[in-house]
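Observations on chain architecture
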Amino acid sequence: DAKTTQPTSMDCAEGRAANLPCNHSTISGNEYVYWYRQIHSQGPQYIIHGLKNNETNEMASLIITEDRKSSTLILPHATLRDTAVYYCIVIKETSGSRLTFGEGTQLTVNP
Amino acid sequence: NAGVMQNPRHLVRRRGQEARLRCSPMKGHSHVYWYRQLPEEGLKFMVYLQKENIIDESGMPKERFSAEFPKEGPSILRIQQVVRGDSAAYFCASSREITDNYGYTFGSGTGLTVV
């Protein structure tokens, strides 16, 4: 699975959009970009995933560059409850692909 | 539709005792994954199981740790002769035969404290 690079930490004001970048320059054609988050002491929570098209769901939007070497997770209106570690993971979407968690980005939403 | 259930939520063991952690996957999920998170560290993969089979145990310590996922009942992660370094949060995740749009669903974890 391709390696990912994320900033260690980011801050965001409550109510503003949080834009979390991820670099995955070695991604191959059949690998998906997944985003998870872990709120302190809880189990990781799935957020969104995509292959090459931009994706949106009730939680977030995922913007993947045309060359697929980087992506951005967007939380449109961050709340205090969005404070968490966010993980960008690249995997082949086949049954049994294990998730390899890196260090992630600690997002702190400030009042 | 209950999520992934892990129990106990917290477990305290004395050094040398055995710890048994249980994980019941979501209904319809036949793949189970165990992860460990040491204090102030990231999540590390331990083992991946399907019903009655261990598929990948490359992240499991060679000694004292074992896992099973029987035909009936929950998946069990067993740690024999626990040591202080085993103190950690242990998370279980499950998925279907074919990964769906929700990826892997994680449980709330079991916090193991070895005293």
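Residues numbered from 1 in each chain as written. Chains lettered and ligands numbered in written order. Predicted model: local features only at pLDDT ≥ 70, side-chain atom pairs only at ≥ 80, totals over all residues. Heavy atoms only, no water.

Regarding the overall build of chain B
For clarity, the threshold we go by: Numbering of helices and strands runs from the N terminus; a helix is a DSSP stretch of H or I covering at least four residues, while a strand is a stretch of E covering at least two. Three labels apply to residues, based on accessible area from a 1.4 Å probe with only protein chains included: buried if under 20% of the type maximum, exposed if over 50%, partly exposed otherwise in between. Residues count as neighbours in contact if any of their non-hydrogen atoms are within 4.5 Å of one another. Each accessible area value is a Shrake-Rupley result obtained with a 1.4 Å probe; residue values ignore everything except the protein chains displayed when judging cover. Note on charges: Lys and Arg go in the positive column, Asp and Glu in the negative column, and His and the chain ends are not counted at all. One atom stands in for each charge, and that atom is NZ of Lys, CZ of Arg, CG of Asp or CD of Glu.
Check the secondary structure of chain B and you find zero helices and 11 strands. Along chain B, helices and strands appear, N-terminal first, in the series β-β-β-β-β-β-β-β-β-β-β. Here the C-alpha coordinates of chain B stretch approximately 40 × 25 × 25 Å along the principal axes. The buried share of chain B, taken over its 115 residues, is 45%. Contacts in chain B between residues at least 24 apart in sequence constitute 53% of all its contacts with a sequence separation of at least 6. Approximately 6100 Å² of chain B is accessible, and the part contributed by carbon and sulfur atoms is 46%. The distance from the centre of the 16 positive side-chain charges to the centre of the 12 negative ones in chain B is 7 Å.

Considerations on the layout of surface pockets
Formally: Using only the protein atoms, space was sampled on a 1 Å grid; points where a 1.4 Å probe fits but cannot get out form cavities, open sets with protein on both sides within 12 Å along at least five of seven lines form pockets, and lining residues are those with an atom within 4 Å of a point. Grid points are joined across faces, edges and corners, and a volume is the space filled by probe spheres set on the points. Gly is put with the polar residues, along with every residue not named as nonpolar or charged; the nonpolar set is Ala, Val, Leu, Ile, Met, Phe, Trp, Tyr, Cys and Pro, and the charged set is Asp, Glu, Lys and Arg.
Taken as a whole, the largest pocket spans an internal volume of roughly 660 Å³. The wall of the largest pocket is formed by 29 residues, among which H40(A), S41(A), Q37(B), E40(B) and E41(B) lie closest to the centre. At the level of secondary structure, the elements contributing two or more residues to the lining of the largest pocket comprise β8 (84–92) of chain A together with β2 (10–13), β9 (88–95) and β11 (110–114) of chain B. By residue class, the composition of the lining of the largest pocket is 11 nonpolar, 15 polar and three charged.

Regarding the sheet that holds strand β3 (residues 19–24) of chain B
Paired through their backbone hydrogen bonds, the strands of a sheet run either parallel or antiparallel. Residues and elements named next belong to chain B. Rules: Whether two strands pair comes down to DSSP finding at least two bridges between them. Geometry is summarised by axes, namely lines fitted to C-alpha atoms with helices restricted to the contacting stretch, and by angles between N-to-C directions that run from 0 to 180 degrees.
Pairing in this open sheet of four strands is antiparallel, and the strands run β1-β3-β8-β7 from one edge to the other. This sheet does not close on itself; its edge strands, each paired only once, are β1 (5–7) and β7 (65–68). On average, adjacent strands in this sheet sit at an angle of 15 degrees to one another, irrespective of strand direction. Strand direction decides the pairing type here: β3 and strand β8 (residues 75–79), joined by five bridges, are antiparallel. Within β8, the residue paired with A19 across the bridge is I79.

What to know about the confidence of the model for chain A
Filter applied, for reference: You can read pLDDT as the predictor saying how much it trusts each residue, on a scale of 0 to 100.
Model confidence for chain A is summarised by a mean pLDDT of 92, while 95% of its residues fall at 70 or above. Looking across chain A, the model is least confident in β8(A), with a mean pLDDT of 92, and most confident in strand β2 (residues 18–23) of chain A, with 98.

Brief notes about the sheet that holds strand β5 (residues 55–56) of chain A
Residues and elements named next belong to chain A. What the four strands build is an open sheet, ordered β2-β7-β6-β5; its pairing is antiparallel. Since the sheet does not close on itself, it has two edges, and those belong to β2 and β5, each with one partner. The pairing of β2 with strand β7 (residues 70–75) spans six bridges and is classified as antiparallel. The residue bridging P21 from the neighbouring strand is T72, located in β7.

Comments concerning unusual backbone geometry
All names here are of chain B. Here the residue pair N7 and P8 is connected by a cis peptide bond, since its omega of 0 degrees sits within 30 degrees of zero. Positionally, P8 belongs in the loop between β1 and β2. Phi is positive for R64, which is not a glycine, with a value near 75 degrees. On the basis of relative accessibility, which here comes to 26%, the residue R64 falls in the partly exposed class.

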